[in-house]
Amino acid sequence: MNKCYRDIQETISKSEKLLAVLIDPDKMQIESVSAFISKLNQSIATHIFVGGSEVENGMTERLVMEIKKYTKLPVILFPGDVIQITDKADAILFLSLISGRNPDYLIGKHVASVSKLKATRLEVIPTGYLLIENGKMTSVERISKTKPIKRSALHTITDTAKAGEFLGMKMIYLEAGSGATHPIEAEIIQKVKQELNIPLIVGGGIRSKEELNAAHKAGADLVVIGTAFEENEAFFNELKK
Ligand code: 1GP
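Caption draft 1: Spatial organisation of the pattern of salt bridges. What the rule picks out here adds up to 16 salt bridges. A salt bridge links K27 to D24; the shortest N-O distance between them is 3.7 Å. Accessibility expressed as a relative area gives 48% for K27, which makes it partly exposed. Close ionic contact of E133 with R151 constitutes a salt bridge, the shortest N to O distance being 3.8 Å. Here E133, found in the loop between strand 5 (123-131) and helix 5 (139-144), pairs with R151, found in the loop between helix 5 and helix 6 (154-166); they are 18 residues apart in sequence, far enough to count as distant. Look at R151 and you get partly exposed, because its relative accessible area is 25%. Shared partners join several salt bridges into a network, and the residues in it are D24, K27 and E230.

The following block contains the structure:
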């Protein structure tokens, strides 16, 4: 129990940084998994996140089972919806979209997922999820029907993250949105990190080693990258162990 979270905390306590590769079941062909994971295994990636905003029923489970054939890295669900829950993964980010005010994404979907979760042995990691404005409409904004927090509203961003911690959430995820044109600015990451006593995840729009390093340097404990690997698997070569 709580192994994934404990491992994350332990790594952070040694001042080491984490990288999760996000795989969207809607975009990854099952036949391509083995080659993709073989490259991933040779990279500095420490975690695999699986999830997407529009995924067909059963696809997530199939994908997780296939991934598990080729790697020992922890597979953590990053679900866009209740149907993406599968006990074939190791853990689930139990995301509450605290930047928005849509009750469904604050608590409704969570209540709806309980019977499913109780039937699994998944490690549930309560995570405060903050969508930050990125200049374009993202899937999270479209599907959740919530507005992101403006980049300039630094105080609102830090207070929202801290409120998540006060509510007992175990991690905070700053999200620019999948395929964002710009990653979250270093200043935002720094300010949020200064406020928090829990791990900080940052994702959205990170496409180069420089941007990955910049997010880590600014204070992200775990960076999430999806689109850059979807578009160009050769990116793994720049991130070799
Ligand atoms: C999206 O934060 C993740 O939810 C990753 O974003 O696909 O832009 O890397 P990218």
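Caption draft 2: Region of the structure containing the sheet that holds strand 1 (residues 18-23). The sheet built from eight strands closes into a barrel, its strands ordered 1-2-3-4-5-6-7-8 with parallel pairing. Ignoring which end each strand starts from, the neighbouring axes of this sheet average 30 degrees apart. Where strand 2 (residues 47-50) meets strand 3 (residues 75-77), three bridges bridge the pair, whose relative direction is parallel. If you follow F49 over to strand 3, its bridge partner there is I76. Sheet strands touched by helix 4 (residues 103-118): strand 4 (91-97) and strand 5. Its angle to strand 4, the strand with the most contacts, is close to 155 degrees. Here helix 7 (residues 186-195) sits on the sheet and contacts strand 6 (171-175) and strand 7 (200-203); the angle it forms with strand 7, its principal contact strand, is near 165 degrees.

Caption draft 3: Geometry of the site of the ligand. Around the ligand, the structure places 14 residues, and the nearest of them are E175, G179, G205, G226 and T227. At a separation of 2.8 Å, an oxygen atom of the ligand approaches a polar backbone atom of G226. Contact with the protein chains hides 97% of the accessible area of the ligand, taken as 300 Å² for the molecule alone. Broken down by secondary-structure element, the contributors of at least two residues to the shell around the ligand are strand 6 and strand 8 (222-225).

The rules behind the values
Residues numbered from 1 in each chain as written. Predicted model: local features only at pLDDT ≥ 70, side-chain atom pairs only at ≥ 80, totals over all residues. Heavy atoms only, no water. Salt bridge = Lys/Arg side-chain N within 4 Å of Asp/Glu carboxyl O. Buried < 20%, exposed > 50% of the residue type's maximum accessible area, 1.4 Å probe, protein only. Helix = DSSP H or I, 4+ residues; strand = E, 2+ residues; numbered from the N terminus. Pairing = 2+ DSSP bridges. Axes fitted to C-alpha atoms, helices over the stretch in contact; angles between N-to-C directions. Contact = heavy atoms within 4.5 Å. Near = heavy atom within 4 Å. Polar contact = N/O pair within 3.5 Å; in protein donor to acceptor, adjacent residues only side chain to side chain. Areas by Shrake-Rupley, 256 points an atom, 1.4 Å probe, with all protein chains shown as cover.

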